[in-house]
Amino acid sequence: MTSFFFLFLFNDLWQNFFGNKTPSASLNQPLAIFRLENFKREEKPNFLQLNENKLTAEGIIVKEFEGKILYEKNSQKTFSLASLTKLLSAYLALEKFSPQTTFSFDEFTFRNQLTSARFSVGEKANLLELLSAGLIASNNEAIYLIAKTYGLEKFTSELNQLLSLWGFRETKIFEPTGIDEKNISTPEEFADIMFKIYSRHPEVFSLTQKEYLDLNGKRFWTTNLILRKYNRLIVGAKTGYLPQIGENFALLLKFPNSPFISVVILKSSDRFQDAEIIIKALAQYYNYDL
């Protein structure tokens, strides 16, 4: 009787974790990254069917987790990351600090950032609040304060050590917020970096699913203008922009009948248009009715 019970339990666990069931995306609970072999679908063409002439970005990749590259354009070329850098900084911050660690803003933090401050000297916030401000609203001061508290040079050095450990040779970080255009990566490397981050700290992407953050009497709105329209599919996303390099956009997507998909859009003149073209092509590819 005992052996029968354990056989039944094992079979149940096997079906739940390795069967044909696919999880649906949730805004409240991160999904595990399931391997490609767990998704059984008809064999599809290697590339998405989309109108390339309407894409404005110079660097693009659309890549399945452990699977095909469905579309690429200059995927091995390096581009400036701008605020996509904040995804990496958020990952390292979660490795180095407790989520409830409290930080206090000082004048030095504001003097070293090129954006108008939403915080004031002496204002306090914990790690998750600062990461939310940095990832939702792309606030530079929030991320800079975390790195400065740890030690700016040490934080930046450890970001590059992490990238080296993960095997990414073309991605280089010179500061943690993205204001330095020398922060670079390739579309393909950054797509894989997103998978790495999500598999270890999915909360980095979960924070980006919120439309806004209310903190200390201020509301920080998302920079992701298509979040509401595609919130059932977007597991996480981050925008980036510098005047000299244009618009960036990185998304982690999940359709009901797909593995996880990284979409990286670099040096675009209309990142949201580019993203919508790709999302619609993916919906057709995975037989999903938008």
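This is a predicted model, so every value here is computed, not measured.

Enquirer: Whenever I open this one, the overall build of the protein chain confuses me. Can you help?
Expert: A tally of regular secondary structure across the protein chain gives nine helices and 11 strands. Of all intrachain contacts in the protein chain linking residues separated by at least 6 positions in sequence, the fraction that spans at least 24 positions is 66%. Element-wise, carbon and sulfur atoms account for 52% of the exposed surface of the protein chain, whose accessible area totals about 13,800 Å².

Enquirer: What is the right way to look at helix H9 (residues 271-285) in this model?
Expert: Residues spaced three or four apart along an α-helix face the same direction, because each turn holds 3.6 residues. Counted at 1.5 Å a residue, the expected span for H9 with its 15 residues is 21 Å, and the 21 Å between its end C-alpha atoms agrees. Burial within H9 is extensive, with 12 of its 15 residues counted as buried. Buried within H9 are the following residues: Arg271, Phe272, Asp274, Ala275, Glu276, Ile277, Ile278, Ile279, Ala281, Leu282, Ala283 and Tyr285. In this structure, the buried residues of H9 make contact with strand S1 (59-64), strand S2 (69-73), strand S9 (234-242), strand S10 (246-254) and strand S11 (260-268). Two residues or fewer past H9, Asn287 is found with a positive phi of approximately 55°.

Enquirer: Can you help me understand the pattern of salt bridges in this one?
Expert: One side chain can pair with another of opposite charge once the charged atoms of both are near each other. Taken as a whole and assessed by the stated rule, the structure comprises 11 salt bridges. Glu188 is the salt-bridge partner of Lys63, the closest N and O atoms lying 3.7 Å from each other. Of the two residues, Lys63 sits in strand S1 while Glu188 sits in helix H7 (residues 187-200), which places them 125 residues apart along the sequence. In terms of burial, Lys63 and Glu188 fall into one category: buried.

Enquirer: What's the story with the nonpolar core in this structure? I'm lost.
Expert: Side chains of nonpolar character tend, in soluble globular proteins, to be buried together. Among the nonpolar cores identified, the biggest contains 56 residues, and Leu88, Leu131, Phe190 and Ile197 are the most heavily contacted of them. Beyond its immediate stretch of four places on either side in the chain, Phe190 contacts Leu81, Leu84, Leu87, Leu88, Ser185, Ala250 and Val264.

Enquirer: How should the pairing of S9 be read in this particular structure?
Expert: Taken across its nine residues, S9 has eight buried, putting it largely inside the fold. Between S9 and S10, which pair antiparallel in sequence order, lie three residues.

Enquirer: What exactly am I supposed to notice about the packing of helix H4 (residues 127-136) against helix H5 (residues 140-150) here?
Expert: In helix packing, the relevant descriptors are the interaxial angle and the interaxial distance, both defined with respect to the helix axes. Where H4 meets H5, the closest approach of the two axes is 7 Å, and the angle between their N-to-C directions is 135°. Relative to H5, the element H4 lies oblique. For the pair H4 and H5, the sense of crossing is left-handed. The segment H4 lies against H5, with Leu127, Leu130, Leu131, Ala133 and Gly134 engaging Ala142, Ile143, Leu145 and Ile146. Its residues placed into classes, the contact of H4 with H5 shows eight nonpolar, one polar and no charged.

Enquirer: So what exactly am I meant to see when it comes to the sheet that holds S11 here?
Expert: In any sheet, the strands associate via hydrogen bonds between backbone groups, in a parallel or an antiparallel arrangement. With antiparallel pairing, five strands are arranged side by side in an open sheet as S2-S1-S11-S10-S9. A strand with exactly one partner marks an edge of an open sheet, and here the two such strands are S2 and S9. On average, adjacent strands in this sheet sit at an angle of 5° to one another, irrespective of strand direction.

Enquirer: What is the right way to read the environment of Trp221 from this model?
Expert: Take Trp221: it is sitting in strand S8 (residues 218-221). For Trp221, a relative accessible area of 46% translates into the label partly exposed. As a C-alpha pair, Trp221 and Ala133 span 88 residues in sequence and 8.7 Å in three-dimensional space. Excluding residues within four positions of it along the chain, Trp221 makes contact with Ile136, Ala137, Glu211 and Tyr212.

Enquirer: Honestly, the packing of aromatic side chains in this entry has me stumped. Any pointers?
Expert: The geometry of an aromatic ring pair is captured by two quantities: the separation of the ring centres and the angle between the planes. Going through the model one piece at a time under the given rule, you end up with 16 aromatic pairs. Considering the side-chain rings of Phe105 and Phe119, the 4.3 Å spacing of their centres and the 15° angle between planes classify their relative orientation as stacked. Taken as a pair, Phe105 in the loop between strand S4 (102-104) and helix H3 (107-111) and Phe119 in the loop between H3 and strand S5 (124-126) lie far apart in primary sequence, 14 residues in all. Note on Phe105: relative accessible area 2%, which makes it buried. Between Trp166 and Phe168 the ring centres are 6.4 Å apart and the planes differ by 90°, which places this aromatic pair in the edge-to-face class. Residues Trp166 and Phe168 agree in their burial class; the two are buried. Among the aromatic residues, ring-to-ring pairing joins Phe97, Phe103, Tyr150 and Phe155 into one connected group. The side chain of Arg118 reaches across the aromatic face of Phe220, ending 4.5 Å from its centre.

Enquirer: Where do I start with the pairing of S1 in this structure?
Expert: Here is the key point about a regular strand: its side chains alternate between the two faces of the sheet. Counting buried residues in S1 gives six out of six residues, a clear majority hidden from the surface. Residues Gly59, Ile61 and Lys63 point to one face of S1 and Ile60, Val62 and Glu64 to the other, with burial holding for every one of them. Where S1 meets S11, six bridges bridge the pair, whose relative direction is antiparallel. Across the sheet, Lys63 pairs through a bridge with Ser262, a residue of S11.

Criteria and thresholds
- For every chain, the first residue of its written sequence is number 1, and the numbers climb from 1 along that sequence.
- This being a predicted model, a pLDDT of at least 70 is required before a residue's local features are given, and a value of 80 or more before pairs of side-chain atoms are given or counted; all residues contribute to the totals for chains, interfaces and linings.
- Based on all heavy atoms of the structure, the side-chain values leave hydrogens and waters out of the count.
- Here a strand is any run of E in DSSP of at least two residues, a helix any run of H or I of at least four, and the numbering for each starts at the N terminus.
- Working rule for contacts: check all heavy atoms of both residues, and any pair within 4.5 Å makes them a contact.
- Areas reported here follow the Shrake-Rupley algorithm with a probe of radius 1.4 Å; residue values treat only the protein chains shown as occluding.
- Expected helix span is given by 1.5 Å per residue-to-residue step, counting one fewer step than there are residues.
- For the exposure calls, accessible area comes from a 1.4 Å probe over protein chains only, and a residue counts as buried if that area is under 20% of its type's maximum, exposed if over 50%, partly exposed in between.
- For this document, the term salt bridge refers to a Lys or Arg side-chain nitrogen within 4 Å of an Asp or Glu carboxyl oxygen.
- Residues enter a nonpolar core if they are buried and are Ala, Val, Leu, Ile, Met, Phe, Trp, Tyr or Cys, with the set joined through side-chain atoms within 4.5 Å.
- We treat two strands as partners when DSSP finds at least two bridges between them.
- Under this scheme, a helix contributes an axis fitted over its contacting stretch, all axes are lines through C-alpha atoms, and angles between N-to-C directions fall in the 0 to 180 degree range.
- Geometric relationships in this document are graded by angle, where less than 35 degrees denotes roughly parallel, more than 145 denotes roughly antiparallel, 65 to 115 denotes roughly perpendicular, and other angles denote oblique.
- In this scheme the handedness of a crossing depends on how the near helix is turned from the far one: anticlockwise by less than a right angle means left-handed, clockwise means right-handed.
- Ten residues, namely Ala, Val, Leu, Ile, Met, Phe, Trp, Tyr, Cys and Pro, are considered nonpolar, four, namely Asp, Glu, Lys and Arg, are considered charged, and the remaining ones, Gly among them, are considered polar.
- For Phe, Tyr and Trp, where Trp contributes only its six-membered ring, two rings pair if their centres lie within 6.5 Å, and the inter-plane angle classes them as stacked under 30 degrees, edge-to-face over 60, or tilted in between.
- Here, a charge over a ring means that NZ of Lys or CZ of Arg falls within 6 Å of the ring centre while also lying within 35 degrees of the ring normal.

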